[in-house]
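Here is what each chain is made of, one letter per residue.
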Amino acid sequence: MPFKALGLAPYLIKTIAKQGFKKPTPIQEKAIPLVLEGKDLLGIAPTGSGKTAAYVLPIIQMLKGKTKTKNRHLNVLVLVPTRELAIQVEAVFQQFSAGLPFLFKSLAVYGGVSINPQMIGMQHVNVLVATPGRLLDLHASNAMHFNALTILVLDEADKMLNMGFKKEMEQLFALLPDQRQNLLFSATLSQEVQHINSVLLHDPSIIQIEAKKESIDLIQQTAYLVSPEKKGPLLRQLIQNNKWEQVLVFTSSVHRADQVAHKLRKNDIDAESIHSKVSQASRRENLANFKAGKLRVLVATDLLGRGIDIAFLPHVINYELPRSPKDFIHRIGRTGRAKHPGDAISFVAEEDKHHFKVIQKKMKSWVKLINADEIIFAQ
Ligand code: AMP
């Protein structure tokens, strides 16, 4: 089915074509007509499914003729769990609002940076993409009003709940007008997401897009049995011997992420870490450099495992396994996207063997454990 058949306006069809999107993804095909109809929506869809454009496109179209609200009176609020996702989602609004035949302004706001520029930036904003805490702070300072709000989007609702934003979310819901369209997107349908669904959404249409087995199949998975003290040398050997140029490494803690990046730099491998304790400016810079191919290795905690879209990332390394199999899928989902084969490598210590089995069972995909001693320092 072409985009044209979904009820989108010609100016959006033009921009979509310019972006090189040839046809809608399954979630776009299902969600766009429903959102345009004004229906509440529950979308269970993983990152990489094209869910952002599935709500951004119809929302932009629905704002036609409605964007001349009083100053600081928002039309649309998009709540997201992380700063990175806020920036990324707002960029998609910008991407598709270029050349619109009506006034339109979007803005991303998030914590960890000074609030004043965001207060000033709120002038005449129609669509605000925000993390919950900063939004409450801005609202408390009278930076925006919700009387004209007609659409609320919760993106990665499960992640938002996992990150402990439940109280902030409820506080926010109480501030919004009752009459509005609600769109809820989540990678999983946990009990808490179901609860939000039941209190927030009215007679919602439900769309469920399975994480594509084929996208996991696209990923070349390898696992090494390796003791914790040999993980560093193994990582360096893999990067150097294979001449890998863009490698995303996941660790379970902030401390380990810093330590791994530091050790790589000491061995002349260009590396930076990105996690909650890194300043917002450095996170942005490291991520931008990594995306642009100017930084060879990015070491991240799971904060980055969800929602961040890096096209054609060839190598992902699980330096430490995540506790949850879902996080494992999200981590390795950074690679093998958009039909480009990628490479995911897991370092498994003796004590992680059982946990690794649990992860594989959940993924329904089995990976042979290679003893790292067979390859490490083999040369
Ligand atoms: P998302 O799941 O929203 O994070 O999107 C994942 C990636 O798919 C992004 O890089 C989008 O630009 C891309 N994408 C979204 N929709 C389409 C489409 N219809 N055709 C091709 N790529 C798309």
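It should be emphasised that the depicted structure is a prediction, and the values quoted were computed from it without experimental measurement. (Residues numbered from 1 in each chain as written. Predicted model: local features only at pLDDT ≥ 70, side-chain atom pairs only at ≥ 80, totals over all residues. Heavy atoms only, no water.)

J.: Please give an account of the nonpolar core that cites residues and values.
T.: Tyr55, Leu57, Ile59, Ile60, Val78, Phe93 and Leu183 are the most contacted members of the largest nonpolar core, which totals 44 residues. Secondary-structure elements contributing two or more residues to this core are helix H1 (10-19), helix H2 (26-36), helix H3 (51-62), strand S2 (76-79), helix H4 (83-97), strand S4 (127-130), strand S5 (151-154) and strand S6 (181-186). The element that contributes the greatest number of residues to this core is H3, accounting for 7 residues. If we ignore the near neighbours within four places in the chain, the residues touching Leu183 are Val35, Lys39, Leu41, Tyr55, Ile59, Ile151, Leu152, Val153 and Leu154. In this structure, Leu77, Leu79, Met122 and Phe173 belong to the second largest nonpolar core, which totals 33 residues. (Core = buried A, V, L, I, M, F, W, Y, C linked by side-chain atoms within 4.5 Å. Buried < 20%, exposed > 50% of the residue type's maximum accessible area, 1.4 Å probe, protein only. Helix = DSSP H or I, 4+ residues; strand = E, 2+ residues; numbered from the N terminus. Contact = heavy atoms within 4.5 Å.)

J.: Any chance you could break down the packing of aromatic side chains for me, citing the residues and the numbers?
T.: Taken as a whole, this structure holds 6 aromatic pairs when the rule is applied. When the ring of Phe328 is compared with that of Phe356, the centres are 6.2 Å apart and the planes differ by 65 degrees; the resulting orientation is edge-to-face. On the criterion of sequence distance, the pair formed by Phe328 in helix H14 (residues 325-332) and Phe356 in helix H15 (residues 353-363) is long-range, its members being 28 residues apart. On the basis of relative accessible area, Phe356 is assigned to the buried category, the value being 2%. (Phe/Tyr/Trp six-rings, centres within 6.5 Å; stacked < 30°, edge-to-face > 60°.)

J.: Would you mind going over the sheet that holds S2 in detail, with residue names and values included?
T.: With respect to topology, 7 strands assemble into an open sheet ordered S3-S4-S2-S5-S6-S1-S7, the strand pairing being parallel. Each edge of the sheet is formed by a strand with only one pairing partner; in this case those strands are strand S3 (106-109) and strand S7 (205-208). This sheet shows a mean twist of 10 degrees between the axes of neighbouring strands, independent of strand direction. In terms of strand pairing, S2 meets S4 through 4 bridges, oriented parallel. Across the sheet, residue Leu77 finds its bridge partner in S4, namely Leu128. The sheet strands contacting H2 are strand S1 (41-44), S6 and S7, and the helix crosses S7 at an angle near 165 degrees. (Pairing = 2+ DSSP bridges. Axes fitted to C-alpha atoms, helices over the stretch in contact; angles between N-to-C directions.)

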